[in-house]
Amino acid sequence: MKKSFLIAAMAGLAFVGCTESELDSSVKSQEAISFSAPAVRPNTRAAEEIGGTYDKGLQFNVFGNWFTGNYTQFSNGETYINEATAVYDATGNTWYPLNGGNYYYWPKNGTITFSAYSPASNKMKTAAEIAATGLVFNNYTVDNTQPNSDMEDVLFSERAYNKVASTGSNNPYAGVDIQFRHALSSIVFTAKMDKAYPGTQVRIKTITLSNVASTASFNQKLDDANNETTKLPTIAGTSENEAAWTGHSNLVAYSVDNSNKILENANDAAPWYFCTTDGKAPAYYGADTNNYRKSDFILIPQNLDGVTLTIEYTIKTPDSDEIDQTFTKVYTSAAEWKMGYRYIYNIAIGFNPITLAPMVTLYEDVTDINVAI
């Protein structure tokens, strides 16, 4: 239900304002700060969740704050890496944060506390900042224009406190470990007939969620102290307040891609997943077999009071054309989407057979008909 990532940073000694090609041999011995491929711990055209291994084609942005000693308060630190984009380097099988093509190196004194977010998109860079409470995303918007493949799986990291060299769990790479968490909610729909209805065809036409807040602001809400961790719906953390999205606005409708589907009419019909090309449950895939997993929507966590689910479908008998039908459900404040959860909505369509109750009106006697011969 939640995913975590590990990022590693390799130790170096000093920042040098030049590219690698300009470094002489003595400087090259000072290793640049680099981040290993984030390994994702998996949780229990369409949008895509980032899966078990961070794809080499992705990039993430990094903040690094330098302190004379250990982290005390955010305001006591100085910016060392300011939202640099980490780019994969095949030679070292690592991600280097770069500044105009320049590498960053470890300072000889003090410590660095890292924070990072993914992806390194223009939209995220516009929204993101680092603060005493951790990462903040201001007025982030999930676009509702189809197809939904441009929906971002937004990740934020725990702070990696007081780092001076590349030591970590070495899982799967050596370096400073940084753990990513999911900031959004993943929404998946399935549909099936609840049993066989011979002679009846059902076609799903559209599945839409309306009155959904598409814009909100995220705050990690870390306590401003050393070694504090994020409190989430599924993680206790050490901070007093839970990370949250607030200021929800801009209500829109989101429609499932590729929703037009005639459902299998059988007693043992498997649920049809609209986010996959074959209708099977989404599995992790990619170059490393677990880079991504399909989803219908990746949306801002929110209370669902007033959110409306509308399913448009048709039914058809051997004697009829397709007849349009509509199902509508309005959710109340009892329902919500939480950070790091994947919500699977299972649609099951069933029918009651038409039954007839024949009745016959009795003949009335007419007795006063006389026939004279």
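See the structure shown above.
Residues numbered from 1 in each chain as written. Predicted model: local features only at pLDDT ≥ 70, side-chain atom pairs only at ≥ 80, totals over all residues. Heavy atoms only, no water.

A. Broad picture of the pairing of strand β22 (residues 308-316). Pairing analysis gives nine bridges linking strand β15 (residues 201-219) to β22, with the strands arranged antiparallel. The partner of Thr206 across the bridge, within β22, is Glu312. With eight bridges connecting them, β22 and strand β23 (residues 323-330) associate as antiparallel partners. Across the sheet, the residue bridging to Ile311 is Phe327, located in β23. A loop of six residues connects β22 with β23, the two strands running antiparallel in sequence. (Pairing = 2+ DSSP bridges. Helix = DSSP H or I, 4+ residues; strand = E, 2+ residues; numbered from the N terminus.)

B. Broad picture of the pattern of salt bridges. Tallied over the entire structure, the rule returns six salt bridges. The residue Glu49 makes a salt bridge to Arg342 at a minimum N-O spacing of 2.7 Å. Here Arg342 lies in strand β25 (residues 342-349) and Glu49 lies in strand β4 (residues 47-50), a separation of 293 residues in the sequence. Among the charged side chains, a salt-bridge network with shared partners connects Glu49, Arg293 and Arg342. (Salt bridge = Lys/Arg side-chain N within 4 Å of Asp/Glu carboxyl O.)

C. Main features of the packing of aromatic side chains. This model, assessed by the stated rule, comprises 18 aromatic pairs. With 5.8 Å between their ring centres and 90° between their planes, Trp106 and Phe114 make a pair best called edge-to-face. For the residue pair Trp106 and Phe114, the accessibility class agrees, reading buried in each case. Look at Tyr341 and Tyr343: their rings are 6.0 Å apart centre to centre, the planes differ by 40°, and that puts the pair in the tilted class. The pair formed by Tyr341 and Tyr343 is uniform in burial state, with each residue classed as buried. A connected cluster of aromatic rings, assembled from ring pairs, spans Phe63, Tyr117, Phe137, Tyr140, Phe156, Phe218 and Trp245. A cation over an aromatic ring shows up here: Lys261 above the ring of Trp272, its NZ or CZ 3.9 Å from the ring centre. The ring of Tyr331 carries the charged tip of Lys329 above its face, separated from the ring centre by 5.2 Å. (Phe/Tyr/Trp six-rings, centres within 6.5 Å; stacked < 30°, edge-to-face > 60°. Buried < 20%, exposed > 50% of the residue type's maximum accessible area, 1.4 Å probe, protein only. Lys NZ or Arg CZ within 6 Å of the ring centre and 35° of its normal.)

D. Highlighting the side chain of Ser157. With respect to the helices and strands, Ser157 occurs in strand β11 (residues 155-157). Separated by 2.8 Å, the side chain of Ser157 and the backbone nitrogen of Ala116 make a polar contact. Here Ser157 is in contact with Ser115, Ala116, Leu135, Ile178, Gln179, Phe180 and Gln220, once residues within four sequence places are set aside. (Polar contact = N/O pair within 3.5 Å; in protein donor to acceptor, adjacent residues only side chain to side chain. Contact = heavy atoms within 4.5 Å.)

E. Broad picture of the nonpolar core. Phe137, Phe189 and Trp245 are the most contacted members of the largest nonpolar core, which has 59 residues in total. For this core, the element with the most residues is β15, which contributes seven residues. Every residue in contact with Phe189, bar those within four places of it in the chain, is listed here: Ile207, Leu209, Val256, Trp272, Tyr273, Phe274, Asp296, Phe297, Leu309, Tyr345 and Ile347. Listed in part, the 21 residues of the second largest apolar core include Trp66, Ala84, Ala86 and Trp106. (Core = buried A, V, L, I, M, F, W, Y, C linked by side-chain atoms within 4.5 Å.)

F. A look at the environment of Ala116. Turning to its location among the elements, Ala116 is positioned in strand β8 (residues 111-118). Under the relative-accessibility criterion, Ala116 is labelled buried at 0%. Along the backbone, Ala116 and Val62 are 54 residues apart, and their C-alpha atoms lie at a distance of 4.3 Å. For Ala116, the contacting residues outside a window of four places in its chain are Phe60, Asn61, Val62, Leu135, Leu155, Phe156, Ser157 and Phe180.

G. Local environment of unusual backbone geometry. Put simply, Ser118 and Pro119 share a cis peptide bond, and its omega is 0°. Take Pro119: it is sitting in the loop between β8 and α2 (122-127). Across the junction of Gln146 and Pro147, the peptide omega takes the value 0°, indicating a cis bond. For Asn227, which is not glycine, the phi dihedral falls at a positive 65°. Along the chain, Asn227 falls in the loop between β15 and β16 (244-255).

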